[in-house]
Amino acid sequence: MLTAAIAPGTAMSAPGNRKMGYAIVGLGSYATRQIMPQFANCESARLVALVSGTPAKLERYGAEYGVPRTHLYNYQNFDSIRDNPDIDIVYVVLPVSMHAEYTIRAASAGKHVLCEKPMAMSSAECEAMIAACRQAGKRLMIGYRCHFEPHNRLAIELARAKFVGPTRQITAAHGFNISAGQWRLDRTMSGGGSLMDIGIYSLNAARYLTGEEPTEVVALESTDGDDPRFRTVEDRIDFTLRFPSGVIASCVSSYSSGHNDYRVIGTNGWIAMEPATPYSGHVMHVRKDGVTERRELPPPVKNQFVAQLDHLPECVSAGNEPIVPGEEGLRDLRIIEAIYRSARERRAVTLVSA
Ligand code: NDP
C-alpha cells in the first residue's frame with residue numbers, strides 16, 4: 001500500500017501551505033498496524049521519516065510508504081533529524097521507558113512531539129519532557145486518541161450537559177488477558193503493569209467524562225505472585241476516585257480478564273459505552289426517563305487516528321495548545337502514582353491538584 005508518502009528525492013520543505021511531516025519512532029505493532037496506514041486520510045499530516053532499531057523494518061516500511069533512504073534513521077543517528085527540514089513532528093511509539101528520552105531528544109532537535117500513552121515512567125519524567133518542549137518552543141501532545149473519537153466526544157458532551165441528570169457515579173473497566181514475553185511485563189520498560197498500559201483508559205475516561213480532577217483515591221491490588229507473567233508488574237488494580245462535585249468513579253484495571261466499558265450514572269438515567277475505547281466498533285446506549293435507546297453515529301469524516309494526527313499540525317499552525325497536551329499525561333501519571341501508593345500503603349491518598 002502506498003499512502004500519504006513522499007516520492008524519493010522530492011523536496012518537501014517548501015514553506016507555506018503544506019502538510020506537516022511526521023517521523024515515526026519505533027515500528028512496532030501500534031505504529032505499523034494502526035497509525036501509519038492512517039496518514040493516507042490526513043489533511044494536515046504526512047509520513048516523511050521512519051526511525052527504527054531494526055534495519056529490515058526500515059527497508060520494508062520505507063518501501064511500502066515511499067520514504068526515501070535519506071529519511072530513514074536508527075536510534076544512534078536519531079539526533080541528525082535536526083538537519084532534516086521535512087520533519088516537523090516526531091511521534092514516539094516506543095516502550096514507555098524510552099518516551100522521555102526520545103521526546104527530549106526530538107525537542108532538542110527542534111521538532112514538535114506527539115508521544116504515546118502512558119506519557120512516561122513517572123511524573124518526574126513527564127515534568128522533564130514538558131520543560132524540554134517548552135524550552136525548545138515546541139508543542140507536546142500525548143496520544144490520547146479517545147478524545148478524538150466521536151462516541152466518546154458525545155458521551156463527554158451528554159455527561160457534562162447533565163443529559164441524564166447530574167452525574168452521581170462512573171464505572172469504568174479496562175483489561176485483557178496478557179500474553180507472556182513482552183516488554184509490558186518488564187517493569188524496567190513499562191513502569192508498571194495493567195494500570196500504566198490499559199487501566200489508564202479507565203482513569204482518563206473518569207477525568208474526561210467529569211471534566212474534573214479527583215481529590216482522593218483508594219486502591220486495591222490483586223496479583224497472583226505465582227503467575228510468571230506478574231514477577232515485576234501488577235495484574236489487577238481496582239481504584240475509586242472521588243471528584244469535587246461528589247461523583248465517585250469505580251475503576252477496574254486488569255491484565256487477566258477482558259473489560260472495555262464505562263457507564264455514567266446520573267439522577268435520571270445513564271450513558272453506557274461497551275466497547276468504550278476500541279479502535280472501532282463503539283456501542284453506546286443511553287437511558288433517560290425510563291427509556292433505553294442505542295445511539296448510532298454516522299461514519300465520521302475523520303476517524304480518531306486521523307483526527308489525532310491532524311490535530312497537532314493544526315495546533316502548530318494556529319499557535320494553539322493541543323487538547324491533550326503534556327500536562328494531560330502528567331496529571332494521569334500523578335494519579336497513577338497515588339493509586340499505586342494507596343494500594344501499597346492500604347490507605348486513601350489525597351490528591352493535590354496542580
Ligand atoms: P511494540 O512492542 O509492538 O512496539 C514497540 C517498538 O519499539 C518495537 O517494535 C521496536 O521497534 C521499538 N523498540 C525499541 N527498543 C525496544 C526494546 N528494548 N524492546 C521492545 N521494543 C523496542 O509495542 P506497541 O506498538 O504495542 O506499543 C508502543 C507504544 O504505543 C507504547 O507506549 C504503548 O503504550 C502505545 N500504544 C498505544 C495504543 C493506543 O491505543 N493509544 C495502543 C497500543 C500501544 P523497532 O524495531 O522499529 O526499533
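Residues numbered from 1 in each chain as written. Predicted model: local features only at pLDDT ≥ 70, side-chain atom pairs only at ≥ 80, totals over all residues. Heavy atoms only, no water.

Engineer: Talk me through the site of the ligand; I want residue IDs and the actual numbers.
Structural biologist: Taken together, 25 residues sit near the ligand, with S52, T54, K57, Y75 and R145 positioned nearest. At a separation of 2.6 Å, an oxygen atom of the ligand approaches a polar side-chain atom of T54. In the environment of the ligand, an oxygen atom lies 2.7 Å from a nitrogen or oxygen atom belonging to the side chain of R145. Considered on its own, the ligand offers 890 Å² of accessible surface; in the complex 81% of this is hidden by protein. (Near = heavy atom within 4 Å. Polar contact = N/O pair within 3.5 Å; in protein donor to acceptor, adjacent residues only side chain to side chain. Areas by Shrake-Rupley, 256 points an atom, 1.4 Å probe, with all protein chains shown as cover.)

Engineer: How would you summarise helix α5 (residues 150-160) if you had to cite specific residues and measurements?
Structural biologist: For α5, every residue scored as buried is listed here: H151, N152, L154, A155, I156, L158 and A159. The inward-facing, buried residues of α5 abut β7 (167-175), α7 (194-210), β11 (259-266), β12 (269-273), β13 (284-288) and β14 (291-295). A positive phi of about 60° marks K162, the residue just after α5. (Buried < 20%, exposed > 50% of the residue type's maximum accessible area, 1.4 Å probe, protein only. Helix = DSSP H or I, 4+ residues; strand = E, 2+ residues; numbered from the N terminus. Contact = heavy atoms within 4.5 Å.)

Engineer: Describe the sheet that holds strand β2 (residues 45-51), naming the residues involved and giving the relevant values.
Structural biologist: The parallel open sheet is built from six strands, whose spatial order is β3-β2-β1-β4-β5-β6. Edge strands, defined here as strands with exactly one partner in the open sheet, are β3 (72-73) and β6 (140-142). Sheet topology note: the strand β5 (residues 112-115)/β6 ladder contains three bridges and is parallel. By the bridge assignment, V113 is partnered in β6 with L140. (Pairing = 2+ DSSP bridges.)

Engineer: Quick one: what's the story with the packing of aromatic side chains, residue by residue and with numbers?
Structural biologist: Evaluated as defined, the whole model comprises eight aromatic pairs. Taking 6.4 Å as the distance between ring centres and 55° as the angle between the ring planes, the aromatic pair formed by Y22 and Y91 counts as tilted. Placement of Y22 in strand β1 (residues 20-25) and of Y91 in strand β4 (residues 89-92) is noted, with a sequence separation of 69 residues between them. Owing to a relative accessible area of 0%, Y91 belongs among the buried residues under this scheme. For the ring pair F78 and Y102, a centre distance of 5.1 Å and an interplane angle of 70° mean the geometry is edge-to-face. Of the two residues, F78 is situated in the loop between β3 and β4 and Y102 in helix α3 (residues 99-108); the sequence distance between them amounts to 24 residues. (Phe/Tyr/Trp six-rings, centres within 6.5 Å; stacked < 30°, edge-to-face > 60°.)

Engineer: Tell me about helix α4 (residues 123-136), residues and numbers included.
Structural biologist: With 14 residues, α4 extends 20 Å from end C-alpha to end C-alpha; this agrees with the ideal 20 Å at 1.5 Å per step. The secondary structure elements touched by the buried residues of α4 are α3, β5, β6 and α9 (326-345). Phi turns positive one or two residues past the end of α4, at G137, with a value near 70°. (Expected span 1.5 Å × (residues − 1).)

Engineer: Would you mind going over empty space enclosed by the protein in detail, with residue names and values included?
Structural biologist: In total, this model carries one cavity of 30 Å³ or more according to the counting rule given. Reported here for the largest cavity is a volume of approximately 70 Å³. K117, G143, Y144, R145, C146, H147, I200, Y201, N204, A205 and Y208 are the residues that line the largest cavity. Taken together, the residues of the lining of the largest cavity break down into six nonpolar, three polar and two charged. (1 Å grid on protein atoms, 1.4 Å probe; cavity = no way out; pocket = protein on both sides within 12 Å on 5 of 7 lines; lining within 4 Å. Points joined across faces, edges and corners; volume = space filled by probe spheres on them. Nonpolar A, V, L, I, M, F, W, Y, C, P; charged D, E, K, R; others polar.)

Engineer: Before we move on, could you go through the nonpolar core and cite the residues and values that matter?
Structural biologist: Core analysis: the largest hydrophobic core is formed by 111 residues, its most contacted members being I24, L50 and L241. For this core, the element with the highest residue contribution is α7, accounting for 10 residues. Counting only domains with at least three residues in this core, you end up with domain 1 (15-145 + 305-323) and domain 2 (150-298 + 333-350). (Core = buried A, V, L, I, M, F, W, Y, C linked by side-chain atoms within 4.5 Å. Domains from an automatic or database assignment.)

Engineer: Tell me what's going on with the domain arrangement of the protein chain, and back it up with residues and numbers.
Structural biologist: Bring the parts together and some accessible area is lost; that lost area is often taken as the interface size. According to the domain assignment, the protein chain contains domain 1 (15-145 + 305-323) and domain 2 (150-298 + 333-350). Using C-alpha coordinates to define each centre, domain 1 is positioned 27 Å away from domain 2. On the domain 2 side, the residues contacting the 18 residues of domain 1 number 18 residues. Between domain 1 and domain 2, a total of about 1,500 Å² is buried, with carbon and sulfur atoms accounting for 58% of that surface. Taken as a group, K117, M121 and R145 account for 32% of the area that domain 1 buries against domain 2, more than any other trio of residues on that side. Our enumeration of links across domain 1 and domain 2 arrives at two salt bridges. (Buried area = accessible area lost by both parts, 1.4 Å probe. Salt bridge = Lys/Arg side-chain N within 4 Å of Asp/Glu carboxyl O.)

Engineer: Just give me the short version of the environment of N74, but keep the residues and values in it.
Structural biologist: Looking at the secondary structure, you find N74 in the loop between β3 and β4. Exposure remark for N74: the relative accessible area of 26% places this residue in the partly exposed category. On a C-alpha basis, the gap between N74 and M129 in space is 21 Å, while along the polypeptide they are 55 residues apart. Here N74 is in contact with V51 and S52, once residues within four sequence places are set aside. A distance of 2.9 Å separates a polar atom in the side chain of N74 from the backbone nitrogen of Q76. A distance of 2.8 Å separates a polar atom in the side chain of N74 from the backbone nitrogen of N77.

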